[in-house]
Amino acid sequence: MKAFFVYVALAALTLAVFAVWPDLDLAVAHRFYDGGGFAGHDALDKFGRDVFRVTPFVVLAAYAVLWLAKRLGRWRRWAPSGRAMIFLIATLAIGPGLVVNLSLKDHWHRPRPYQTQDFNGPDAFKPWYDDQGGCRRNCSFVSGEAATGFWMVAPASVLPPPWRGPAIVAAFAFGVCASLLRMAFGGHYLSDVLLGGLVTLIIIEIARMLLWPRGRDPSESAPDVSAAGGGGRTAAEVVEAALAARLPAKPLA
């Protein structure tokens with residue numbers, strides 16, 4: 001709960017700061033512009049971007065494999081619970097997917113840095129609150145790759161306590177690096193990456209409060225709620241029970 005209010009406050013502060021001083025975006029972008037253009041044109045740069053784009057989906061697939069192997073009795077160590085898998089899929093689909101890429105980026109017509117006249121592009125610079133720029137779709141506000149990068153906090157947060165803390169620190173570092181890379185390539189302004197990451201972090205916290213309303217450790221498997229007669233169960237418990245029923249665990253041969 002505390003993290004939710006921190007992220008909301010940071011998002012509000014970011015919106016206010018860049019509304020009052022929109023030229024901050026240009027000042028930071030100029031740090032990555034050498035007069036001839038932004039980075040991101042050679043094969044190594046493109047490979048680095050692909051690593052940050054693909055890694056979150058690889059992590060999600062790895063968690064799914066662990067969950068399935070545990071359900072089939074092929075893996076006896078830690079694996080995410082069914083509820084944790086719902087949490088991971090929902091936050092990735094809603095945050096970077098629905099809110100950022102489908103809603104904001106395609107309907108908020110802010111030109112990217114490399115598209116603006118300040119960096120030899122065709123369009124005028126627009127602050128974050130002006131959605132009437134020259135970009136038509138897949139625009140600058142907010143950053144999809146920053147949102148996906150900071151989504152890595154979600155899988156880190158469902159790990160058991162010995163690994164959880166270092167993994168969350170690494171997830172935040174991953175999001176920061178993905179954001180810096182997008183700014184270095186001229187794809188986004190600082191406000192774009194900050195708000196892209198914060199939108200995802202807010203959605204992660206909302207999903208956590210909905211799926212674990214009683215403060216249970218998200219790294220633990222849920223008790224067998226199918227035997228409880230259905231009384232007082234949350235929607236997450238119903239879905240998790242259905243997943244368990246459809247894939248009964250099998251003992252190792």
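Predicted model, so just to flag it, every value in this text is computed and none were measured.

Q: Let's hear about the nonpolar core: which residues, and what values?
A: Grouped together as the largest cluster of nonpolar side chains are 38 residues, with contacts concentrated most on Tyr-63, Phe-87, Leu-88, Trp-151 and Leu-201. Contributions of two or more residues to this core are made by α1 (2-20), α3 (43-71), α4 (82-105), α5 (144-150), α6 (153-157), α7 (161-184) and α8 (190-211). Ranked by residues supplied to this core, first place goes to α8 with seven residues. Counting residues in hydrophobic clusters, the runner-up holds seven residues, among them Tyr-33, Phe-38, Phe-119 and Tyr-189.

Q: Kindly report on the packing of aromatic side chains, identifying the contributing residues and their values.
A: Following the criterion strictly, the structure yields twelve aromatic pairs and no others. Relative to Phe-5, the ring of Phe-4 has its centre 5.3 Å away and its plane inclined at 70°; by these criteria the two rings are edge-to-face. Classification of Phe-5 as exposed rests on a relative accessible area of 51%. With a centroid separation of 5.4 Å and an interplanar angle of 40°, the aromatic rings of Trp-108 and Phe-141 are classed as tilted. Of this pair, Trp-108 sits in the loop between α4 and α5 while Phe-141 sits in the loop between α4 and α5, and the two are 33 residues apart along the sequence. Judged by its relative accessible area of 22%, Trp-108 is partly exposed. Phe-141 sits in the buried class, given a relative accessible area of 6%. A network of ring pairs unites the aromatic residues Trp-108, Trp-128, Tyr-129 and Phe-141 as a single cluster.

Q: Quick rundown of the state of the cysteines? Include the residues and the values.
A: Under the criterion given, the structure shown has one disulfide. Each disulfide pairs two cysteine sulfurs, and for Cys-135 the partner residue is Cys-139, the sulfurs being separated by 2.1 Å. Linking Cys-135 and Cys-139, the disulfide has an S-S dihedral of approximately -95° and is accordingly described as left-handed.

Criteria and thresholds
Residues numbered from 1 in each chain as written. Predicted model: local features only at pLDDT ≥ 70, side-chain atom pairs only at ≥ 80, totals over all residues. Heavy atoms only, no water. Core = buried A, V, L, I, M, F, W, Y, C linked by side-chain atoms within 4.5 Å. Buried < 20%, exposed > 50% of the residue type's maximum accessible area, 1.4 Å probe, protein only. Helix = DSSP H or I, 4+ residues; strand = E, 2+ residues; numbered from the N terminus. Phe/Tyr/Trp six-rings, centres within 6.5 Å; stacked < 30°, edge-to-face > 60°. Disulfide = S-S within 2.5 Å.

The quantities given are spatial measurements derived from coordinates; they are silent on function.
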